[in-house]
Structure formats: C-alpha cells, structure tokens
Amino acid sequence: MISKTTTLSLVIIAAVFIIVTPLFATEPKPIPDDQLNLLLDNVEKNFSKIKTLKTLLTQEKNIALFSEPIISTGFCIFKSPNKLRLDFIEPFKSSLIINNSQIFKYEFFHGNWQKLDIGNKEMMLLIMENITSWLKGKFKDPDLYEICAFKNKNTTILLTPKADEFKKFISSFELGLNREMNGLEYIIINETKNHYTKIQFRNDEINNEIPDIIFEGSNDKPHPVSQW
Amino acid sequence: MVNKRFFMPYKNNIILFLCCAVPIIIGSGCSLNKTQPSQYMEITNPKFKDDINKNITSLYPDRFKAIHRVILTFLEKEYVLDGYLFVDRPSREVKLIAQNDLGGIIFDVHFIKNVEKTIHSNISMLGKKRLEKSVLRDLETLYLEEPFPSPTLFSDHHKNFVLSQKEGPITKELIYKQINGQVRYQLNEIRHLENKKCVYTISLKYGTGSNNLYPEFILIQDINMKYKLQINVRYVI
C-alpha cells in the first residue's frame, strides 16, 4: 500500500512537471540555416519598400541600480538610403543625425542647444549605420555578427557581436519584426551585467514625404520637426 | 613713444572699461587667479558661521537616485554619457554606472568614502587611476562633503557668502547665496585654489520651479586634468 506521504510527493512532482513542461515547450528554437537565409531575403525584400519612415519611440533602460525601468521618449526618422535622425525629447533633449556619411550631434543643456564636436565619431557612425541597415531589412553582417532567428508569436532576429572588444559593451541585439514582417517593432540591446535597453517603435508613418532639411547639420540647433 | 600724456584723452573710457571689467573678472569662474576681493568682509559671528558651515549636510536628501546626462569635453572633443547614480549620504556610499548614450557601459564605480572602492572600466583611456582622480573626486565633492573643521567666512553686499578652508596646499571655497525672503542658503559654486590660483570649480544651477531644492545643471571644470563636465540632472527620490 502506498503511504499517504508518498502519494502526496508524487502529486507534487507531477504538478511541477505539468507546470514546468509547457514553459520548456514554448522556448523558441532557432530557425535552421536554409530557412534563415530564405527568411532574411524575404524580410529584406519587404523592408525595401520603405522609402521613408517616421516613428515615435519609447526607450526602456533596465539598470540593476534602479528597481524601475528608466523611460525616455522620442522619435526616429529614416529616409532611404542613408539618412537617419534619432531624437529624444524626455527626460533629456538630444538629436543624433546621420546624413550619408556625416554625423551631427546636438544636446539641449541649460536652456540651449549645443552642437557637439564629438570625439567618438567613428563608433557613433558605426552604430548609426547598423541601425540604418536594419531599417532597410539588411541584418546580415558576417564581419560583425553571428546571426540567428527565432519564430514565436513574431519573428526575432538575434545578432551576437563577434569581436571581443565589441562584446565588452554589447552581448547581443534582438530585433523584433512586426507580424507582417515588413518593419521593426522593437530593438533590445543586451548589455553586460544583465542590463538591457529596449527601444519600442509605435505610430509608424511609412513613405510620407520627408524634407531633406531635417537631416542637415549646418545650423547650431537641429531643424524642427513637426509632431505627429 | 607712448607716454602718460597719450592716455589722457582716453582716461574716461579707460575708467569705464575698468569699471565694467572688474565685475566680469570677479564673476568669471575658474579662468583667473582668485583672491578674496576687497568688497568681501569677514564674518566672525560663530553661530552664523556654524549655520552656514552645517548647510552642506542638508544640500541633498540622505538617500537618492539620479540620472545624469553628461557632456564631457576633453582635448577639445565632446563625448555624451548617461550616468545612473545612487547616493547614500549617511553611509557615505556612491554607486555610478556610466553608459555611452547609445548603450554600452563605459565604466562603473562603487565606493564607500575612506572604506572601499571598486572601479571597472571598459575603456583603456579611462583607467582606474584616472577615474579615481576625476570621477570619484567629483562625486565626493558633489555629494559627500562634510562641514569644514575651522572655516573662515566672508560676505559681500549681495548676500553671497564664501566659506573657506585650507586643506594642505588646497584652499576649498563654498559660495552660498541667501535665497530672497528665506532663511535658506543655496550652494552656487565650489572652488579649489592652489597658490591663490583656481584649479577646480563646480558651478550649480537650480531650476526655476517651486521644487528647485536640488541643482538641475552642474558644470565641473578641472584646470589641471583639462576636462569639463556639463551635467543635466533628474532626481529619483
């Protein structure tokens, strides 16, 4: 006869299995290489239809020091092939502009815009060129990243830096595609020490007219952009 | 040859120029040699001096978190950093994580003043020694200063109070301003002088709103290490 305690133990073990098994079952598996190439070609074709993009963004920084995520809001404007502007409005105002291979940086400090002569231009240019490529659906960069993709509810592309020098800062990028697979829904920047930054895009305006002047960096403050 | 007579027609203009230049020189921060200007009077009232001296203990909450948006100017180039800060003043503890504004940790520091310190840097240019001499000193000066042991107090006719203390070769000065209509003293500047020459300043600007208790903009200049920090601050209290 099985004792009462043994029965209880079996029930608990069974319950744990029942609860835990689906968690493992839903863990997405990487898409196999042959399908991955097909998927990436398909995505690039879809993304190539985006000639201009205006999108609001919310950045959520998760830092171990703070119990709550730190939220910043702003917008991103992209004009194919090589114009990108990334502005933050709250809590601090800033504007980062890439116009072909030129980069301009503005910061709003103590009531005034300052145009900066940035010292880490090459690194900023590299990161901004990466974002521009992703907005064009070009995720493959075998010199810089290992690439894999996961399909769960939506498709996520995972880029892992190859260079140790790069890995000191960023352990991976997760790029979340929208359901139609023709645009980015979010970017997660996984940093070291369990810190990560999630940038979520919303209220996209695709292929509307965007004047070139908003990407100019000749003035002492960024050209104003009408809100949407 | 230029002689005394040459200047006579311009005498009034020269006096006018000097009248304008003196206040500009006095108020111009760290770029010039500083001595106590003659319009400053020493205040010897011990209670008043003690009150001003103790003011440093109530400049910030005991414990707080803050987000810093920083422009570092070094060797004529500018770098933008985001700082995530935790300060526990009674425990004399500070934690700071500094990130590139596009992500990626540049360095992080954790220290308890005179007890322990941990510094990690991902950039070889910003080694431990350099961070200790700059970032740790800046954080200590901003957030962990204590009342001076035996200060001298000066005042001008504009409700500015200069609290001064010699510490080895350095003379530390804290410049307070009395807030109109209140018995409150706002710290506006910190200066370190060496051989009467200003070598380090922190300038503090407060917001215009009703809750402008803590500085929203901080400017740090180190003449010897040749760097400048402009810091926008948001407090999480």
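Residues numbered from 1 in each chain as written. Chains lettered and ligands numbered in written order. Predicted model: local features only at pLDDT ≥ 70, side-chain atom pairs only at ≥ 80, totals over all residues. Heavy atoms only, no water.

Section: the overall build of chain B
Moving on, step 1. Looking only at helices and strands, chain B features four helices and 13 strands.
Moving on, step 2. Sorting the 237 residues of chain B into buried and exposed places 49% on the buried side.
Moving on, step 3. Counting contacts in chain B only where the partners sit at least 6 residues apart, residues at least 24 apart contribute 44% of the total.
Moving on, step 4. Accessible area of chain B: about 12,900 Å², with a carbon and sulfur share of 56%. (Helix = DSSP H or I, 4+ residues; strand = E, 2+ residues; numbered from the N terminus. Buried < 20%, exposed > 50% of the residue type's maximum accessible area, 1.4 Å probe, protein only. Contact = heavy atoms within 4.5 Å. Areas by Shrake-Rupley, 256 points an atom, 1.4 Å probe, with all protein chains shown as cover.)

Here we look at the overall build of chain A
Moving on, step 1. Within chain A, the secondary structure is distributed over four helices and eleven strands.
Moving on, step 2. Within chain A, contacts between residues at least 6 apart in sequence are counted, and of these 48% link residues at least 24 apart.
Moving on, step 3. When the accessible area of chain A is evaluated, it comes to approximately 12,700 Å², of which 57% is carbon and sulfur surface.

Thoughts on the pairing of strand E7 (residues 152-155) of chain B
Residues and elements named next belong to chain B.
Moving on, step 1. The sheet contact formed by strand E1 (residues 41-43) and E7 spans three bridges and is antiparallel. Looking at E7, one finds that Glu 42 is bridged to Phe 154.
Moving on, step 2. With four bridges connecting them, E7 and strand E8 (residues 160-167) associate as antiparallel partners. By the bridge assignment, Thr 152 is partnered in E8 with Ser 164.
Moving on, step 3. Hairpin connection from E7 to E8: four residues lie between these consecutive antiparallel strands, with Lys 159 at a positive phi of about 60 degrees. (Pairing = 2+ DSSP bridges.)

Some words on the interface of chain A and chain B
Moving on, step 1. The interface of chain A with chain B comprises 34 residues on the first partner and 38 residues on the second.
Moving on, step 2. Of the roughly 3,100 Å² buried between chain A and chain B on both sides combined, carbon and sulfur atoms contribute 62%.
Moving on, step 3. The largest per-residue losses of area from chain A upon contact with chain B belong to A:Leu65, A:Phe92 and A:Phe109, which jointly make up 24% of the total buried on that side.
Moving on, step 4. Across the contact surface, chain A and chain B share three salt bridges.
Moving on, step 5. Among the ionic pairs, A:Glu107 bridges to B:Arg69, the shortest N-O distance being 2.7 Å.
Moving on, step 6. The interface formed by chain A and chain B contains 14 residue pairs in polar contact (both at pLDDT 80 or more).
Moving on, step 7. When residues of the side of chain A that touches chain B are traced back to their parent elements, those giving at least two are strand E4 (94-99), strand E5 (102-109), strand E6 (112-116), helix H3 (121-135) and strand E10 (184-191) of chain A.
Moving on, step 8. Here the side of chain A that touches chain B gets four residues from one element, more than from any other, and that element is E5(A).
Moving on, step 9. Taken together, the residues of the side of chain A that touches chain B sort by class into 18 nonpolar, eight polar and eight charged. (Buried area = accessible area lost by both parts, 1.4 Å probe. Salt bridge = Lys/Arg side-chain N within 4 Å of Asp/Glu carboxyl O. Polar contact = N/O pair within 3.5 Å; in protein donor to acceptor, adjacent residues only side chain to side chain. Nonpolar A, V, L, I, M, F, W, Y, C, P; charged D, E, K, R; others polar.)

Looking at the pairing of E8(B)
Successive residues of a regular strand alternate their side chains across the two faces of the sheet.
Residues and elements named next belong to chain B.
Moving on, step 1. Along E8, six of the eight residues are buried, which leaves the element largely enclosed by surrounding structure.
Moving on, step 2. Inspection of the sheet shows E8 paired to strand E9 (residues 170-178) by eight bridges, in the antiparallel sense. When the sheet's bridge partners are listed, Ser 164 is paired in E9 with Glu 173.
Moving on, step 3. Between E8 and E9, which pair antiparallel and follow one another directly, the connecting turn spans two residues, one of which, Gly 168, has a positive phi of 65 degrees.

Here we look at the domain arrangement of chain B
Residue and element names in this part refer to chain B.
Moving on, step 1. The assigned domain composition of chain B is domain 1 (28-59 + 148-206) and domain 2 (61-144 + 208-237).
Moving on, step 2. Each partner contributes to the interface: domain 1 provides 19 residues, whereas domain 2 provides 20 residues.
Moving on, step 3. Summing both partners gives a buried area of about 1,600 Å² for domain 1 against domain 2, and 53% of it is carried by carbon and sulfur.
Moving on, step 4. Scanning the region where domain 1 abuts domain 2 turns up zero salt bridges.
Moving on, step 5. Between the two partners, domain 1 and domain 2, sit nine residue pairs in polar contact (both at pLDDT 80 or more).
Moving on, step 6. Mapped onto the side of domain 1 that touches domain 2, the elements with two or more residues apiece are strand E10 (185-194) and strand E11 (197-206).
Moving on, step 7. Residue contributions to the side of domain 1 that touches domain 2 peak at nine residues, all from E11.
Moving on, step 8. Split by residue class, the side of domain 1 that touches domain 2 holds ten nonpolar, six polar and three charged. (Domains from an automatic or database assignment.)

Quick word on the pattern of salt bridges
Residue and element names in this part refer to chain B.
Moving on, step 1. Scanning the entire structure with this criterion turns up 20 salt bridges over all chains.
Moving on, step 2. A salt bridge links Arg 69 to Asp 82, with the shortest nitrogen-to-oxygen separation between them at 2.9 Å. Taken as a pair, Arg 69 in strand E2 (residues 63-74) and Asp 82 in strand E3 (residues 77-88) lie far apart in primary sequence, 13 residues in all. In this pair, the class of Arg 69 matches that of Asp 82, namely buried.
Moving on, step 3. One salt bridge connects Arg 191 with Glu 173, and the closest N-O pair in it is separated by 2.9 Å. Of this pair, Arg 191 sits in strand E10 while Glu 173 sits in strand E9; the two residues are 18 residues apart in sequence, bridging distant segments of the chain. For the residue pair Arg 191 and Glu 173, the accessibility class agrees, reading buried in each case.

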